[in-house]
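Summary of structural features
In case you want the letters, here they are:
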Amino acid sequence: MIQAWSLTQPEWTCKIDEGPAGIAYARWSPDSRHILTTSDFQLRLTVWSLLNTACVHVQGPKHGSKGVSFTKDGKFAAICTRRDCKDYVNLLSCHAWEIMGAFSVDTLDLADIEWSPDDSAIVIWDSPLEYKVLIYSPDGRCLSKYQAYESGLGVKSVSWSPCGQYLAVGSYDQMLRVLNHLTWKTFAEFMHLSTVRGPCCAALFKEVDEPLHLNMSELCLSDEFLQGNSDVSEGHFRVMYEVTEVPISLPFQKPPADKPNPKQGIGLMSWSKDSRYIYTRNDSMPTALWIWDIHHLELAAILVQKDPIRAAAWDPTCTRLVLCTGSSHLYMWTPSGACCVSNPLPQFNITDLKWNSDGSCLLLKDKDSFCCAAVSLMPESSEYSSDD
């Protein structure tokens, strides 16, 4: 069952029940006036109207939580379906939810789909068993087909730059490849090596624990207090970043060869708002976050954490990156430096995070609770101090 509420009209409520078909996943439409649900076993995708209780069905969606992408203006939706052992893309109008057209795609097992930021192209990529990235126009013409290699596991993640000029493809071979939107050819390839050697212009930040040395010689404490608090002057640390030099060896985990879905390759990546930087996480080195400068085609920084990186997100208004590792600390990076921020809430470990639209607030999630953190706006000038 799906339930929806109105924040402005508390008396308005909505319940959606698919009956025996069940609900595997639900998402909002861009206009917030419709809810799209996918039934169990991908039997159908249903568009429910919150205005007049009407519904529209699309038979045989390819995936439950993936395979649906909306244009930036919210006018059209691309929904992947499968019938007769072939993958199709259905284009729907988000006004009347009518199918405007459908075309088959050259994939063995379509993994996902995403509109370009300028709504001029659609990227589709195949399952990890077949390295294939396909660029289609909205009318179904195949603009380009990209295949970096044939043998081995293929594409793991794909992301458009906000400007629409670059398409980043992360692969299981632990490389990031960037394509341009004019010729759809690669112009940059970035390797993620476990040992970083010089010459290297990147800033290397390593998370360390710095013990706090408290001078308690002049404090008058009773014997009972000292016996009950033997660690009052021991075990207190401050988490901070230490700037290190190359060469540096990053913690590397070799995935077992006899298990499926190996933890290797570019599993996490995202572009900055200005499309200049992109961060990546190689899943076989989960404690390291790589930040690449696309303007100079070089590595800008590496953040080496104590724990595996759980999530990272760019500020939607400026070049500022925030990440978490499941600890009680928050970590920030800007082109001017990096810093660690302590969370004052007791027993609150940050496992996920999300920015609001204007970059003034962060939603921090724990296992069974969440909090909102106010974030100071970055100054207009490029001179930014990590102490701020």
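Residues numbered from 1 in each chain as written. Predicted model: local features only at pLDDT ≥ 70, side-chain atom pairs only at ≥ 80, totals over all residues. Heavy atoms only, no water.

Moving on to the confidence of the model for the protein. Taken as a whole, the protein shows an average pLDDT of 91; of its residues, 91% reach a score of 70 or greater. In the predicted structure, residues 228-234 sits below a pLDDT of 50 and forms five contacts with residues beyond four places in sequence or in another chain. Contacts for the low-pLDDT stretch residues 381-388, under 50 throughout, to residues beyond four places or in other chains number ten contacts. (pLDDT = per-residue confidence, 0-100. Contact = heavy atoms within 4.5 Å.)

A few words now on the environment of Val105. Note that Val105 resides in the loop between strand S10 (99-104) and strand S11 (110-115). Residue classification places Val105 among the buried residues on the basis of a relative accessible area of 2%. Distance in space between the C-alpha atoms of Val105 and Asp87 is 5.9 Å, their sequence separation being 18 residues. Leaving out residues up to four positions away in the same chain, Val105 has contacts with Lys86, Asp87, Tyr88, Val89, Leu110, Ile124 and Tyr136. (Helix = DSSP H or I, 4+ residues; strand = E, 2+ residues; numbered from the N terminus. Buried < 20%, exposed > 50% of the residue type's maximum accessible area, 1.4 Å probe, protein only.)

Taken as a whole and assessed by the stated rule, the structure comprises 13 aromatic pairs. Members of the aromatic cluster, connected to one another through ring pairs, are Tyr277, Tyr279, Trp314 and Trp333. Seen from the ring of Tyr88, Arg83 lies directly overhead, with NZ or CZ sitting 3.8 Å from the centre. (Phe/Tyr/Trp six-rings, centres within 6.5 Å; stacked < 30°, edge-to-face > 60°. Lys NZ or Arg CZ within 6 Å of the ring centre and 35° of its normal.)

Quick look at the nonpolar core now. Residues Leu176, Val178, Leu250, Ile278, Trp290 and Ile302 are the most contacted members of the largest nonpolar core, which totals 23 residues. Sorting the residues of this core by element identifies strand S16 (166-171), strand S17 (175-180), strand S18 (186-191), strand S23 (266-271), strand S25 (288-293) and strand S26 (298-304) as the ones contributing at least two each. Apart from the residues lying within four places of it in its own chain, the contact partners of Trp290 are Met191, His192, Leu193, Val196, Leu250, Ile278, Tyr279, Thr280, Met285, Leu299, Ala301 and Ile302. One finds Phe205, Leu289, Ala312 and Tyr331 within the second-largest nonpolar core, a separate group that totals 19 residues. (Core = buried A, V, L, I, M, F, W, Y, C linked by side-chain atoms within 4.5 Å.)

With that settled, the discussion passes to the pattern of salt bridges. Side-chain pairing between opposite charges can occur once the charged atoms of the two side chains come close. Applying the stated rule across the entire model yields 15 salt bridges. The shortest N-O distance in the salt bridge between Glu18 and Arg44 comes to 2.7 Å. You can see Glu18 sitting in the loop between strand S2 (13-16) and strand S3 (25-28) and its partner Arg44 sitting in strand S5 (residues 44-49), a full 26 residues away along the chain. We classify Glu18 as buried; its relative accessible area is 6%. Residue Arg44 is classed as partly exposed on the basis of its relative accessible area, which comes to 25%. Here Arg281 ties to Asp283 by a salt bridge, and the two come within 3.0 Å at their closest N and O atoms. (Salt bridge = Lys/Arg side-chain N within 4 Å of Asp/Glu carboxyl O.)

Here we take up the sheet that holds S5. Pairing is antiparallel across the open sheet formed by four strands, whose spatial order is S3-S4-S5-S6. The sheet is open, and its two edges are formed by S3 and strand S6 (55-59), each paired on a single side. Adjacent strand axes in the sheet meet at a mean angle of 20° when their direction is disregarded. (Pairing = 2+ DSSP bridges. Axes fitted to C-alpha atoms, helices over the stretch in contact; angles between N-to-C directions.)

Pairing of strand S13 (residues 133-136) with strand S14 (residues 142-146) involves four bridges; the strand directions are antiparallel. Residue pairing across strands places Ile135 opposite Ser144, the latter belonging to S14. Adjacent in sequence and paired antiparallel, S13 and S14 are bridged by five residues, among which Gly140 carries a positive phi angle near 95°.

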